[in-house]
Amino acid sequence: MLRVLTRRRLLAGAAAVAASVVLAGCGGSGKAGSQPSAQLSGTITFWHAYSADSQEVKTLNDVIIPGFKKLHPGVDVKQVAIPYDQLHQKLITSAAGGEVPDVLRSDIAWVSELAKLGLLEPLDAAMPDFRTLADSTFPGSLATNKYKGKYYGLPLDTNTRVLMYSQAALDKAGVSAPPKTFDEVKALGDKLAGTGVSAFADNGLSGWNVLPWIWSAGGDITDADYTKATGHLNSAASVAGVQLLFDLYSKKELPGIILGGTGGTSTSDGLATAKYATILDGPWMYPIFASSHPDFKLQVGPMPAGPGGSISVVGGEDVTVFRQSKNKPLALEFTRYLLSQEAQLAMAKVGQMSVLKDLDVTSVNPTYGPFVAQLKSAKPRPPVSNWPKIDDLLQKKLQGAFQGQLTVQQALDQAAAEIDPLLAQG
Amino acid sequence: MSVQTRRYRRTRTVARLVVLSAGAALLIVPFLYMVSTSFKPNSLVFEWPPKFIPHPATLANYVQAWGANDFARYFGNSVLVACASTLATTLLAALAAYAFARFRFPGRSLLFWVLMLGLMVPSVVILIPQYLVATWLHLNNSLSGLVVFYIGAGVALNTFLLRGFFASVATELDEAMEVDGAGPMRRFVALYLPLSRPALATSAVFSFLAAWDEYSWAVTSINDPAKYTLPIAIAQFQGQHATSWGLVFAASVIAMIPVLVVYALAQRHIVTGLQAGALKS
Amino acid sequence: MSTQVTAVPRREAAGEQPTHPPTPGTGRRRAAARRALTAYALLVPAFVVFVVVMLVPIAKAAQVSLYQWSPFPGGESTWVGAANYTRALHDDQFRLGVVNALVYMVITVPGQILLGLVVALLLESRLPARPLFRVLFYLPVVTSWVVVSLLFRYLFVTDGGLVNWVLVDGLHVVDHPVAWLDSRWSAIGAMSALGIWKGVGWAAIILLAGLTGVPAEHHEAAAVDGAGYLRRVWHVTLPALRGQLVFVTVLLVIGGFQVFIQSLLMTNGGPAGQTEMPLTYLYKQAFKYLDFGYGSALAMVMTVLVLVLSVGQTILANRRAA
């Protein structure tokens, strides 16, 4: 009697397990959150750099985590807020000591570095529904997670640079609309010559600053597989992109802050006071302008188009899971939840632009519109582990050119030659 | 005192007051700016030119800073850690300084420079090795672990400071006590400690400030937000793209109060120095 | 023991030891050994913590400098021997940083000592509101580096900065605004102003603590002997402060060499890396490029430089005492 019951119990138990496995497997579309599953339990830690008392951290604590816990009763997510300026250093140090979080909101630029160090879980292998999730995000944002053919994260929030302009400054040039093409930028420069107003201003010569110009000119830093810079970085198109800025600078239509010095007028102050006609910047500028220059009406337009189109650079953060996580199923499920429409919408309400292509965020915040449009074609900086070194190298060479020590072509030739071995290191 | 001397003294005093006031004014301008901004609502950037009178003035930043995320707990954590570190560091440094100042032993110079080495190596490169040591000794993610590290980091400077003061205590007094049969510890407690009150107070002020303000190691070692200290709390108010400076400044002003209290308390000991008393029997 | 007035001079930190009561023969050696043991016992508590928290990590860093180090699980560290050091010695950007740091030191160390001494002397004797002044002068020391670096940056901004406003519109010393932060030496000058501003109070309270130990009789005796105030300071006060002055100098030199946050926040190494400092460069190598071996080698080179300077200063100070 006992034996029969036991066997029936066993079969029933096996069936239940099988059923829940099947259910969990079916549930993986990116849209709905996820199925409540009896298997998920325990706690995970989530490291992030949302500032204290900000709307983002409030949303995380009051909306997102409770929403996740409701779907999976009995689990807990411990969020750990780390000051932004220390997050990277702390990650490196903790990883060296073997102490890592389960889930991390990582700057897009760190993913390949962390992946190379063997710290991250390849999500395309770990998540059966990865393809669906990935396809729902902007391709440029997704590409920041790819390292050596595998995906080590998913986009979490994104942003890009668009053209911001001062109508008052444009009026001084007798122009009614912001420049939409390279030629219009050059023309704006000529019209503003001698007026004391700069046609364009930017505060550095690193990838974040110059890549929109290089890409829009039809050039690129490397080939599509990020293996070689020579032939790409120093191609005629890339040179033309940088040359545009250089010519403006030599004609004094671009201010000296391009060299990175901190004594000049910042891009935001200059725009608001009509000293600079145009700058490139991101959606965070809206609240900043509202606070520092409440009388200034911020207007935006697309990145000026060159022969390559209007292509800007992708910024933002990715969500990653650590290989040494002790509760990977829960970590992966939380990652999935962060990409759900509810979570993305909740964050979009507080200034974090969603990575989901088809989510209408302009209903949440109309100022997102131009950024969403730009994101459709925006590209990421090369997701290679050596990017910080490559970036600094590029900046140094270009600084040399702007300081008159070399021509732009020479600077890019030399930079490409020195970047090739760095790319080879992966 | 003659009328002339009195007038001379008064002119001297007035001159000193003028110079000191001018100097103090120059030095406190940034602090005044900090305080005034902390009373301004919602300022995301540094205003330039600075307006020193907040208009409208508001306490909102202080309320928000204190109420945010367990700020009171971080404050409490910092108090515990700083007090414990200060007591322990001053004690250990005093013992070591006594040895360096008043004893002759093999390796004295070498040991002293080894201690000084601790001050000279940039802390950035020892961060990961320290983290590994702390992991091995289970000193990470705990307030007592922080205290141990702050003591280790602070003994070098304070020993150096106290050594100079102990060495300048008149040796005749030491000799007299030894002739009377007092052992080294008794001389330490009965002679050196009382005579070095200004130095000990100064050492306490420095240790407290160092422990109170220490940020880099705290943020690295602590993973549990319940154990965060104040500098971490303040840094958390700084955002990636924009910072609410009013909030940061309000938090910073709150954080400065204990340090100034400790300093003010210590000042009495620093300045009521011992003058002729050191030489009297 | 009767009170003496001027006949008891202050002892220096250099080598002066109390003479111990005489003991016969081998007793002397045993007494000396006992004293040495007492000394070691006194050192043990501090050194135990110091060795664990500082010395072991320093030794590890020194070891790391001989490798291409990867501290991460599964990472490989390869032995490179002195390669990191030869690279450091030929590194132009590092050399630039060292020069910048030396200039910064040469300006800020005497600046802080001199002004700190002046403040200490002014606060030495009784004065109305003296406690208030002591707190006010200490305020810069406790104000956060982040806040003051950013504030000073705005002070030195080319258009609209307070310093330029004073120079151009206020004092009419120059015709047009100086681009302080846009060229190497003027930017270092601005950073030095910040360094001095922040450190004066620190130097002052140490020197003040030292001054309180200088007996008033010495001053009175010297005054009776006809010495003016400055002469008295030179001959009576300064020698008495020797220990504290050495301390302050050595620490300010170490601190000057390790200048970090001001450089980062005031100039960010700009323009074009001209105001890079050794520590910002080192930090970049270690935590941005993850080249810990090279970063450690740079740190060791910096340490040796500072050690040489510090030992040199101490020897000079002791020689002048003798």
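Residues numbered from 1 in each chain as written. Chains lettered and ligands numbered in written order. Predicted model: local features only at pLDDT ≥ 70, side-chain atom pairs only at ≥ 80, totals over all residues. Heavy atoms only, no water.

A. The overall build of chain C, seen in detail. In terms of regular secondary structure, chain C is built from 13 helices and 2 strands. Compactness check: chain C gives a C-alpha radius of gyration of 25 Å against a globular reference of 20 Å for 322 residues, more than 25% above the reference. Seen along its three principal axes, the alpha-carbon backbone of chain C occupies a region of about 70 × 60 × 30 Å. The burial tally for chain C puts 54% of its 322 residues in the buried class. Taking the intrachain contacts of chain C between residues at least 6 apart in sequence as the baseline, contacts between residues at least 24 apart amount to 69%. A total of about 14,100 Å² of accessible surface is found on chain C, and carbon and sulfur atoms cover 65% of it. Within chain C, one finds 23 positive and 15 negative side-chain charges whose respective centroids are separated by 15 Å. (Helix = DSSP H or I, 4+ residues; strand = E, 2+ residues; numbered from the N terminus. Rg over C-alpha atoms; globule rule 2.2 N^0.38 Å. Buried < 20%, exposed > 50% of the residue type's maximum accessible area, 1.4 Å probe, protein only. Contact = heavy atoms within 4.5 Å. Areas by Shrake-Rupley, 256 points an atom, 1.4 Å probe, with all protein chains shown as cover. Lys, Arg positive; Asp, Glu negative; His and termini not counted. Charge placed at Lys NZ, Arg CZ, Asp CG, Glu CD.)

B. Inspection of the overall build of chain A at higher detail. Assigned secondary structure in chain A consists of 18 helices and 11 strands. Taken over the C-alpha trace, chain A has a radius of gyration of 24 Å; the compact-globule value for 426 residues is 22 Å, and the two agree within 12%. With respect to the three principal axes, the spread of C-alpha positions in chain A is 100 × 50 × 35 Å. Taking contacts inside chain A between residues at least 6 apart in sequence as the whole, the part at least 24 apart equals 74%. Here chain A carries 38 positive and 38 negative side-chain charges, and the mean point of each set is 8 Å from the other.

C. Molecular detail of the nonpolar core. Of all hydrophobic cores here, the largest spans 219 residues; its most connected members are Phe237(B), Tyr138(C), Trp202(C), Phe247(C) and Phe292(C). In terms of residue count, helix 7 (residues 184-211) of chain C provides more of this core than any other element does, 17 residues in total. Summarising the domain contributions, this core has at least three residues from each of domain 1 (1-27) and domain 2 (70-280) of chain B. When residues no more than four places from it in sequence are discounted, the contact partners of Tyr138(C) are Val205(B), Leu209(B), Val259(B), Leu260(B), Tyr263(B) and Ile205(C). Membership of the second largest hydrophobic core comes to 83 residues, among which are Phe182(A), Ala378(A), Ala416(A) and Ile419(A). (Core = buried A, V, L, I, M, F, W, Y, C linked by side-chain atoms within 4.5 Å. Domains from an automatic or database assignment.)

D. The packing of helix 1 (residues 3-38) of chain B against helix 4 (residues 130-142) of chain C, seen in detail. Where helix 1 of chain B contacts helix 4 of chain C, the two axes come as close as 8 Å, and the packing angle between them is 40°. Taken together, the axes of helix 1 of chain B and helix 4 of chain C are oblique relative to one another. Of the two elements, helix 1 of chain B crosses helix 4 of chain C, and the hand of that crossing is left-handed. Residue-level inspection shows Leu17(B), Leu20(B), Ser21(B), Gly23(B), Ala24(B), Leu27(B), Ile28(B) and Phe31(B) of helix 1 of chain B in contact with helix 4 of chain C, the latter providing Phe133(C), Leu136(C), Phe137(C), Leu139(C) and Pro140(C). (Axes fitted to C-alpha atoms, helices over the stretch in contact; angles between N-to-C directions. Parallel < 35°, antiparallel > 145°, perpendicular 65-115°, else oblique. Left-handed = near helix turned anticlockwise from the far one by under 90°.)

E. Expanded view of the packing of helix 7 of chain C against helix 10 (residues 242-257) of chain C. Residues and elements named next belong to chain C. Following both chains from N to C, one finds helix 7 and helix 10 inclined at 160°, their axes separated by 9 Å at the closest point. Accordingly, the angle class assigned to the pair helix 7 and helix 10 is roughly antiparallel. The crossing of helix 7 and helix 10 is right-handed. Along the contact surface, helix 7 presents Trp-202, Ala-203, Ile-206, Leu-207 and Gly-210, while helix 10 presents Gln-244, Leu-245, Phe-247, Val-248, Leu-251 and Leu-252. Of the residues that constitute the contact of helix 7 with helix 10, the class distribution is 9 nonpolar, 2 polar and no charged. (Nonpolar A, V, L, I, M, F, W, Y, C, P; charged D, E, K, R; others polar.)

F. Quick peek at a nonpolar patch on the surface. Among the surface-exposed residues, Leu162(C), Trp165(C), Val166(C), Leu171(C) and Val173(C) lie close enough to one another that they form a single nonpolar patch of about 490 Å² accessible area. Within the secondary structure, Trp165(C) is located in helix 6 (residues 162-170). (Patch = residues over 30% accessible without salt bridge, like charges linked within 9 Å, V, L, I, M, F, W, Y side chains within 5 Å. Salt bridge = Lys/Arg side-chain N within 4 Å of Asp/Glu carboxyl O.)

G. Focus on the sheet that holds strand 8 (residues 198-201) of chain A. All names here are of chain A. An order of 8-9-7-10 is seen for the 4 strands of this open sheet, with the pairing classed as mixed. Edge positions in the sheet fall to strand 8 and strand 10 (299-301), since each of these pairs with one other strand and no more. Looking at each pair of strands side by side, their axes are set apart by 30° on average, direction ignored. Most of the contacts of helix 9 (residues 182-192) go to strand 8, to which it runs at about 130°, and overall it touches strand 8 and strand 9 (276-281). (Pairing = 2+ DSSP bridges.)

H. Spatial organisation of the sheet that holds strand 1 (residues 42-48) of chain A. Residues and elements named next belong to chain A. The sheet built from 5 strands is open, its strands ordered 2-1-3-11-6 with mixed pairing. Bordering the open sheet on either side are strand 2 (75-81) and strand 6 (154-160), each of which pairs with just one other strand. Strand-to-strand twist across the sheet, computed as the mean angle between neighbouring axes with direction ignored, equals 20°. Where strand 1 meets strand 3 (residues 103-107), 2 bridges bridge the pair, whose relative direction is parallel. Bridging from a neighbouring strand, Trp-47 pairs with Leu-104 of strand 3. Strands strand 1, strand 2, strand 3, strand 6 and strand 11 (314-321) of the sheet are contacted by helix 14 (residues 328-338), whose axis makes an angle of about 50° with strand 1.

I. View of helix 3 (residues 84-96) of chain A. Residues and elements named next belong to chain A. End to end, helix 3 covers 19 Å across 13 residues, agreeing with the expected 18 Å (1.5 Å per residue, within 8%). The axis of helix 3 is deflected most strongly, by about 30°, at Lys-90. Within helix 3, 11 of the 13 residues are buried, which leaves it mostly tucked inside the rest of the structure. Of all the residues in helix 3, the buried ones are Gln-86, Leu-87, His-88, Gln-89, Lys-90, Leu-91, Ile-92, Thr-93, Ser-94, Ala-95 and Ala-96. Where helix 3 terminates, the next one or two residues include Gly-98, which has phi positive at roughly 85°. (Expected span 1.5 Å × (residues − 1). Bend = angle between axes of the 7 residues up to and from the residue.)

J. Seen up close, the interface of chain B and chain A. On the chain A side, the residues contacting the 29 residues of chain B number 27 residues. Overall, the association of chain B and chain A removes approximately 2,400 Å² of surface from exposure, summing both partners, and the carbon and sulfur fraction of that is 59%. Counting the surface chain B buries against chain A, the share from its top three residues, Asn223(B), Gln236(B) and Gln240(B), is 24%. Where chain B packs against chain A, one counts 0 salt bridges. Run the count over chain B and chain A and you get 11 residue pairs in polar contact (both at pLDDT 80 or more). Every element with two or more residues in the side of chain B that touches chain A is listed here: helix 5 (123-136), helix 10 (216-221) and helix 11 (230-235) of chain B. Sort the elements by how many residues they give to the side of chain B that touches chain A and helix 5 of chain B lands first, with 5 residues. (Buried area = accessible area lost by both parts, 1.4 Å probe. Polar contact = N/O pair within 3.5 Å; in protein donor to acceptor, adjacent residues only side chain to side chain.)

K. View of the interface of chain C and chain B. The partner chain B presents 95 residues to the 100 residues of chain C that form the contact. Carbon and sulfur atoms make up 77% of the surface buried where chain C meets chain B, a total of about 9,300 Å² over both sides. Linking chain C with chain B are 0 salt bridges, by the criterion used here. Linking chain C to chain B there are 9 residue pairs in polar contact (both at pLDDT 80 or more). If you list the elements that add at least two residues to the side of chain C that touches chain B, you get helix 1 (26-64), helix 4, helix 5 (145-155), helix 7, helix 8 (216-224), helix 10, helix 12 (278-288) and helix 13 (292-321) of chain C. Considering every element that reaches the side of chain C that touches chain B, the biggest residue donor is helix 1 of chain C, with 21 residues. Across the side of chain C that touches chain B, the residue classes tally to 70 nonpolar, 20 polar and 10 charged.

L. Spotlight on the pairing of strand 9 of chain A. Residue and element names in this part refer to chain A. Of all 6 residues making up strand 9, 6 are buried, and the element is well covered by its neighbours. Taken together, the 4 bridges between strand 7 (residues 162-165) and strand 9 define a ladder with antiparallel strand orientation. The residue of strand 9 that forms the bridge with Val-162 is Asp-281. One ladder, built from 3 bridges, connects strand 8 with strand 9; its direction is parallel. From the neighbouring strand, Ser-198 faces strand 9, where its bridge partner is Tyr-276.

M. Structural detail: the side chain of Arg381(A). Residues and elements named next belong to chain A. Here Arg-381 lies in the loop between helix 16 (369-375) and helix 17 (387-402). As a buried residue without a salt bridge, Arg-381 has its nearest oppositely charged side chain in Asp-107, at a separation of 4.8 Å. In contact with Arg-381, not counting residues within four places along its chain, are Ile-108, Trp-208, Leu-211, Trp-215, Val-313, Val-314 and Trp-387.

N. Main features of the side chain of Thr158(C). If you trace the backbone, Thr158(C) turns up in the loop between helix 5 and helix 6. Not counting chain neighbours up to four residues away, the residues in contact with Thr158(C) comprise Gly263(A), Gly264(A), Asn164(C), Pro177(C), Val178(C), Ala179(C) and Asp182(C).

O. Highlighting the pairing of strand 1 of chain A. All names here are of chain A. Pairing of strand 1 with strand 2 involves 7 bridges; the strand directions are parallel. Within strand 2, the residue paired with Thr-43 across the bridge is Asp-76. A crossover links strand 1 with its parallel partner strand 2, the connecting element being helix 2 (residues 55-71), and its sense is right-handed. (Right-handed = clockwise from strand over helix to strand, strands pointing away.)

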